[in-house]
Amino acid sequence: MEQLTQILERLNRERVEFVLVGGLAGVFHGVPLVTRDVDVCLPFTEQNLFRLERALDGLNPVHRQTPQRLAFKVADDFPRGLKNLYLRTDLGVLDCLGEISGVGDYLAVRGRSEPAELPVGTVHILSLSALIDAKAALDRTQDKLALIHLRRIQQARS
Amino acid sequence: MSNGTPNRAFEEAASIDPGTPASIADRDIDFSLLEDSLRLTPWQRLVENDRALGLVRMLEKAGTRTHGATDPDSRTAEP
């Protein structure tokens, strides 16, 4: 059974540096649409990738967009310059992104995030305005409904 | 969400320009779900998403048992 909150707990436990973005960040802000995956933006440094690997230990992480469903392993020959990782784990889908359209690279994303105290620890979450910028930049059909809700939430807060 | 079928709701959402005035873009969207969501704490929303996702998966499996897999992704989605 998928438990996306447990993925967050594991990332935090292993001190993976990340910002929660995407649909689950929308849920955090109030969007009433079910999301199936965890999207995070993170620096693709060697140290952070090893922490990510430890966080997913025992969850059978695989690269879900490879036909062979290759196991996710951070070895010495791990490709440098990676920008994204699309993983499936026993707890659900985890997409790791190096940059976010409409916002920028990890540092820009981090700069537009807010720390949230959750039962799983402190999680940095993309701010509402940045999430709106990101969804608007994607201009995908699947995001339009979420965007309408996000703008409603923004109106309600102001 | 619209009052129509999920497919119709999806098509309507796709046709909406989120940048249009709220009075136009908000047609057929049930904002009571948003109001309910905003009554929860952020953590409660995340937990509710987990619960809803569990229900979605259960229904998908039941649908697959009844009708067979129709979406290639659904056949590979099992952990």
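The rules behind each value
- Residues numbered from 1 in each chain as written.
- Chains lettered and ligands numbered in written order.
- Predicted model: local features only at pLDDT ≥ 70, side-chain atom pairs only at ≥ 80, totals over all residues.
- Heavy atoms only, no water.
- 1 Å grid on protein atoms, 1.4 Å probe; cavity = no way out; pocket = protein on both sides within 12 Å on 5 of 7 lines; lining within 4 Å.
- Points joined across faces, edges and corners; volume = space filled by probe spheres on them.
- Helix = DSSP H or I, 4+ residues; strand = E, 2+ residues; numbered from the N terminus.
- Nonpolar A, V, L, I, M, F, W, Y, C, P; charged D, E, K, R; others polar.
- Domains from an automatic or database assignment.
- Contact = heavy atoms within 4.5 Å.
- Buried < 20%, exposed > 50% of the residue type's maximum accessible area, 1.4 Å probe, protein only.
- Pairing = 2+ DSSP bridges.
- pLDDT = per-residue confidence, 0-100.

### As for the layout of surface pockets
At step 1: Of the voids in this model, the second largest pocket is the one considered here, and its volume is about 250 Å³.
At step 2: Forming the walls of the second largest pocket are 13 residues, and the residues nearest its centre are V31(A), P32(A), L33(A), S37(B) and E48(B).
At step 3: Those elements that provide at least two residues to the lining of the second largest pocket are helix 3 (32-39) and helix 4 (42-67) of chain B.
At step 4: No other element matches the four residues that helix 4 of chain B contributes to the lining of the second largest pocket.
At step 5: Each residue belonging to the lining of the second largest pocket can be placed in one class, and the counts come to eight nonpolar, two polar and three charged.
At step 6: A domain-level breakdown of the lining of the second largest pocket finds at least three residues from each of domain 1 (1-38) and domain 2 (40-79) of chain B.

### Some thoughts on the side chain of D95(A)
At step 1: Within the secondary structure, D95(A) is located in strand 5 (residues 92-97).
At step 2: Setting aside residues no more than four positions away along its own chain, D95(A) makes contact with D37(A), V38(A), D39(A), V40(A), R64(A), L85(A), Y86(A) and L87(A).

### Description of the pairing of strand 2 (residues 37-41) of chain A
Residues and elements named next belong to chain A.
At step 1: A large share of strand 2 lies buried, amounting to five of its five residues.
At step 2: Alternating residues of strand 2 divide into D37, D39 and C41 and V38 and V40, and every residue in both groups is buried.
At step 3: As defined by bridge partners, strand 1 (residues 19-21) adjoins strand 2 across three bridges and the pair is classed as antiparallel. Pairing of V21 across the sheet is with D39, part of strand 2.
At step 4: Judged from the five bridges that link them, strand 2 and strand 5 form a sheet pairing that is parallel. Considered in strand 5, the bridge of D39 is made with D95.

### Observations regarding helix 1 (residues 4-13) of chain A
Counting along an α-helix, one turn takes 3.6 residues, and residues three or four places apart therefore face a common direction.
Residues and elements named next belong to chain A.
At step 1: With seven of 10 residues buried, helix 1 is to be regarded as a mostly interior element.
At step 2: What helix 1 keeps buried is the set L4, T5, I7, L8, R10, L11 and N12.
At step 3: Immediately beyond the C-terminal end of helix 1, within one or two residues, lies R15, with a positive phi of roughly 55°.

### Here we look at the pairing of strand 5 of chain A
All names here are of chain A.
At step 1: Counting buried positions over the six residues of strand 5 gives six, a clear majority of the element.
At step 2: In the sheet, strand 4 (residues 84-89) pairs with strand 5 via six bridges, with the strands oriented antiparallel. Across the sheet, the residue bridging to L87 is L94, located in strand 5.
At step 3: Counting the residues in the hairpin turn of strand 4 and strand 5 gives two residues.

### So, the confidence of the model for chain B
All names here are of chain B.
At step 1: For chain B, the average pLDDT comes to 72, and 53% of its residues sit at 70 or higher.
At step 2: Per-residue pLDDT, averaged within each element of chain B, yields its smallest value for helix 5 (residues 72-76) (49) and its largest for helix 3 (94).
At step 3: Contacts from residues 1-6, a stretch scored under 50 in pLDDT, to residues over four places away or in other chains number 11 contacts.
At step 4: Low pLDDT, under 50, characterises residues 74-79; the stretch is placed with eight contacts to residues that sit more than four places away or in other chains.

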